[in-house]
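Architecture and fold: a report
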Amino acid sequence: MDKGASGESGGNAEDPGRERGWREAQEAAAAANEAAESIPYGHSWPERHTGPVVRRRGQVQAGTTDQRLLDSQGPTDWLHGDPWRVMRIQSEFVEGFGALAELGPAISVFGSARTPVDSPEYLAAVRIGRALAGAGYAVITGGGPGAMEGANKGACEAGGASVGLGIELPFEQGLNPYVDVGINFRYFFVRKTMFVKYAQGFIVLPGGFGTLDELFEALTLVQTKKVTRFPIVLFGTAYWRGLVDWMRDTLVAEGKASRHDLELFHLTDDVDEAVKLATKEADA
Ligand SMILES: C/C(=C\CNc1ncnc2c1ncn2[C@@H]1O[C@H](COP(=O)(O)O)[C@@H](O)[C@H]1O)CO
C-alpha cells in the first residue's frame, strides 16, 4: 500500500474537505473502538468480538483487525505461526475442491512409488488406468513415480482424465509426465480428503508405508461409516495375502476387528475384475 500518496496521517493535504471527512471518520471509528472495549452490551468488562472470537478483559487487543492488517510493518514471525497455516490449509481445500469438483466419476489408484517401470506391477497399473478410462472413469493417483505413474500413463494414453495429487516431500520429485490435471499439496491430510471425496472407489496395488496409510485410511472410513458404498480392491493376491491372513488370524482372532470387517475389501489379480469391483457401487 502506498501510504505516501495521502501523507503519513492517511489524510489528503490537497483537498481540505476530504481531509476533514477522513479525520471525522477516524475519530468516529476510534470512539466506537473505545466504546466496544469498555462497556459493551451493558457489561462492565471490556469485550471485543472479532469474527467468531470473543475477547474479554485483559485479552482484548488494541485496534481493529483492519488496523492491524494495514498498519503492520513489524516482525514477520506470524508467517510461520499456526493461524497463518490454517489459511494455507484452507486454500489447499479450496484449490482442491475447485479443481476436482467437475471431474466426474473417478477411481483412486494407489501403489508403490518404487515400482520399476519394467515390472509386471507397473504394467498392471497401466492396464488398470487404461481399463478405468475405457469404462468412463477418471484416474486419481498421488502423481508420483512407480505404480502411480503406471496408472496415470494408462489413463492418459487411453484418452481418460488423468489426475495427480502430488505431495511436497523433502526430495522433490514433481508430477509424473502422464498427469493431465495436477495439484501439489503441502498437507497429507488435505490431499487424502481429495482421494476419497472425488473417487467412487480405491484400487490398491502393492506398496509400502504410503500405500498402507492410504489403504487403512480408506478401511477406517468405511468401517466407521464415514463413507458409504466405497469399494476397496487390493490388486495382487500374492502381495496382500500375508496382510489379510494377519488381519484374520490376529486382528479378528484377538477381537480387534470384526469378521465382517474382512468383507470391506476385495482381493484380485484380474484387471477387469478390479475395475468392475471398484466401480460397482457407482454403476449400481
Ligand atoms: C519414494 C520416491 C518418491 C516419492 N514420491 C511420491 N510422490 C507422490 N506420492 C507419493 C510419493 N511417495 C509416496 N507417495 C504416496 O504414498 C503412496 C506410495 O507410497 P509407498 O510408500 O511407495 O507405498 C502413493 O500412493 C502416494 O500417494 C522415490 O522413488
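Note that the coordinates shown come from a computational prediction; the quantities given were computed from them, not determined experimentally. Residue positions within a chain follow its written sequence, with the count starting from 1. Note on the predicted model: pLDDT of at least 70 is required for a residue's local features to be given, and 80 or more for side-chain atom pairs to be given and counted; whole-chain, interface and lining totals, by contrast, use all residues. Computation of side-chain values: all heavy atoms of the structure, hydrogens and water removed.

**Details of the overall build of the protein chain**
Each helix and strand in the protein chain was counted, giving nine helices and nine strands. With a 1.4 Å probe rolled over the protein chains alone, any residue whose accessible area is under 20% of its type maximum counts as buried; one over 50% counts as exposed, and the rest are partly exposed. For the protein chain, buried positions account for 36% of its 284 residues. Contact definition: two residues touch when any of their heavy atoms are within 4.5 Å. Within the protein chain, counting contacts between residues at least 6 apart in sequence, those at least 24 apart form 65% of the total. Total accessible area computed for the protein chain in this model is approximately 16500 Å², and 55% of it derives from carbon and sulfur atoms. Segments assigned H or I by DSSP are reported as helices when at least four residues long, segments assigned E as strands when at least two residues long, and all are numbered from the N terminus. In these tables, accessible area is a Shrake-Rupley quantity obtained with a 1.4 Å probe, and a residue counts as shielded only by the protein chains included in the view.

**Thoughts on the packing of helix H7 (residues 209-223) against helix H8 (residues 237-252)**
Axis definition: a line fitted to C-alpha atoms, limited for helices to the stretch in contact. Angles are taken between N-to-C directions and run from 0 to 180 degrees. One can describe the packing of H7 onto H8 by two numbers: an axis separation of 14 Å at closest approach and a directional angle of 45 degrees. With respect to their mutual orientation, H7 and H8 come out oblique. The element H7 and its partner H8 pack so that their crossing is right-handed. Seen from H7, the contacting residues are Thr211, Leu212, Leu215, Phe216 and Leu219; seen from H8, they are Trp240, Leu243 and Met247. Put simply, Ala, Val, Leu, Ile, Met, Phe, Trp, Tyr, Cys and Pro go in the nonpolar bin, Asp, Glu, Lys and Arg in the charged bin, and everything else, Gly too, in the polar bin. Split by residue class, the contact of H7 with H8 holds seven nonpolar, one polar and no charged. Roughly parallel means an angle under 35 degrees; roughly antiparallel means over 145; roughly perpendicular covers 65 to 115; every other angle is labelled oblique. It is the rotation of the near helix from the far one that decides the hand of a crossing: anticlockwise by less than a right angle makes it left-handed, clockwise makes it right-handed.

**Some details on the packing of helix H4 (residues 120-134) against helix H5 (residues 147-157)**
Packing of H4 against H5 leaves a shortest axis separation of 6 Å and a crossing angle of 35 degrees. As for how H4 packs across H5, the hand of that crossing is right-handed. Every residue of H5 that contacts H4 at Tyr122, Ala125, Val126, Gly129, Arg130 and Ala133 is listed here: Ala147, Glu149, Gly150, Ala151, Lys153, Gly154 and Ala155. Tallied by class, residues from the contact of H4 with H5 come to seven nonpolar, three polar and three charged.

**A short note on unusual backbone geometry**
The backbone of Lys225 sits at a positive phi, close to 60 degrees, despite the residue not being glycine. Tracing the backbone shows Lys225 in the loop between H7 and strand E8 (232-235). Its relative accessible area of 65% is what places Lys225 among the exposed residues. The phi dihedral of Arg229 falls on the positive side, at around 50 degrees, and the residue is not glycine. You can call Arg229 exposed: its relative accessible area is 52%.

**Focus: the site of the ligand**
Distances are taken per atom, and a residue is near a molecule or strand as soon as one of its heavy atoms is within 4 Å of it. Lining the immediate environment of the ligand, one finds 19 residues, of which Ala113, Arg191, Gly208, Thr211 and Glu214 sit closest. Definition of a polar contact: a pair of N or O atoms within 3.5 Å, with one able to donate and the other able to accept a hydrogen when the atoms are protein atoms, and with sequence-neighbouring residues admitted only if both atoms are side-chain atoms. Contact between the ligand and Gly208: an oxygen atom at 2.6 Å from a main-chain N or O atom of the residue. Glu214 places a side-chain nitrogen or oxygen 2.4 Å from an oxygen atom of the ligand. Taken by itself the ligand offers 600 Å² of open surface, and the protein chains cover 84% of this. A cavity, in this analysis, means grid points on a 1 Å lattice covering only the protein atoms where a 1.4 Å probe fits yet has no way out; a pocket is instead an open set bounded by protein on both sides within 12 Å along at least five of seven lines, and a residue lines either one if it has an atom within 4 Å of a point. Cavities and pockets are treated as containing a molecule whenever more than half of the molecule's atoms lie within 2 Å of their grid points. More than half of the atoms belonging to the ligand lie within 2 Å of the grid points that define the largest pocket. In terms of residues, the shell around the ligand owes the most to one element, H7, which gives four residues.

**What about the packing of aromatic side chains?**
Planes of paired rings set the category: under 30 degrees apart is stacked, over 60 is edge-to-face and the rest tilted, where pairs are Phe, Tyr or Trp rings (Trp by its six-membered ring) whose centres lie within 6.5 Å. Scanning the model with the defined rule gives seven aromatic pairs in all. On the basis of an interplanar angle of 45 degrees and a centroid distance of 5.7 Å, the ring pair of Tyr187 and Phe189 is categorised as tilted. Through a chain of ring-to-ring contacts, three or more aromatic side chains come together here, namely Phe110, Phe195, Phe202 and Phe230. Criterion for a charge above a ring: Arg CZ or Lys NZ at most 6 Å from the ring centre, at most 35 degrees from the ring normal. In this structure, Lys197 packs its charged tip against the face of Phe97, placed 5.5 Å from the ring centre.

**Observations regarding the sheet that holds strand E7 (residues 201-204)**
The parallel open sheet is built from seven strands, whose spatial order is E6-E5-E4-E3-E7-E8-E9. Each edge of the open sheet is held by one strand with a lone partner, namely strand E6 (181-185) and strand E9 (266-268). Between one strand and the next, the sheet's axes are offset by a mean angle of 20 degrees, whatever the strand orientation. Sitting on the sheet, helix H3 (residues 82-100) is in contact with strand E5 (162-167) and E6, with an inclination near 170 degrees to E6. Paired strands are those between which DSSP finds at least two bridges.

**Quick look at the confidence of the model for the protein chain**
Should the pLDDT be low somewhere, the predicted coordinates at that spot are not to be read in detail. A residue's pLDDT is the confidence the predictor assigns to it, expressed on a 0 to 100 scale. In this model, the protein chain carries an average pLDDT of 85, and 82% of its residues clear a pLDDT of 70 or more. Counting contacts from residues 1-13, a segment whose pLDDT is below 50, to residues more than four positions away or on other chains yields 14 contacts. This prediction of the complex comes with two scores: 0.76 for pTM and 0.90 for ipTM.

**A closer look at the environment of Ile128**
Considering the arrangement of structural elements, one finds Ile128 in helix H4. The sequence separation of Ile128 and Leu169 amounts to 41 residues, and the corresponding C-alpha distance is 26 Å. Not counting chain neighbours up to four residues away, the residues in contact with Ile128 comprise Val109, Ile203, Leu205, Phe235, Val271 and Val275.

**With respect to a negative patch on the surface**
Put simply, a patch holds well-exposed residues, over 30% relative accessible area, that have no salt bridge, with like charges counted together within 9 Å and Val, Leu, Ile, Met, Phe, Trp or Tyr side chains within 5 Å. Should a side-chain nitrogen of Lys or Arg be within 4 Å of a carboxyl oxygen of Asp or Glu, the pair is scored as a salt bridge. Neither His nor the chain ends contribute to the count of charged residues, in which Lys and Arg are positive and Asp and Glu negative. Working definition for charges: the position is that of NZ of Lys, CZ of Arg, CG of Asp or CD of Glu. On the surface, Asp269, Asp270, Asp272 and Glu273 cluster together to form a negatively charged patch. Residue placement: Asp272 occurs in helix H9 (residues 271-283).

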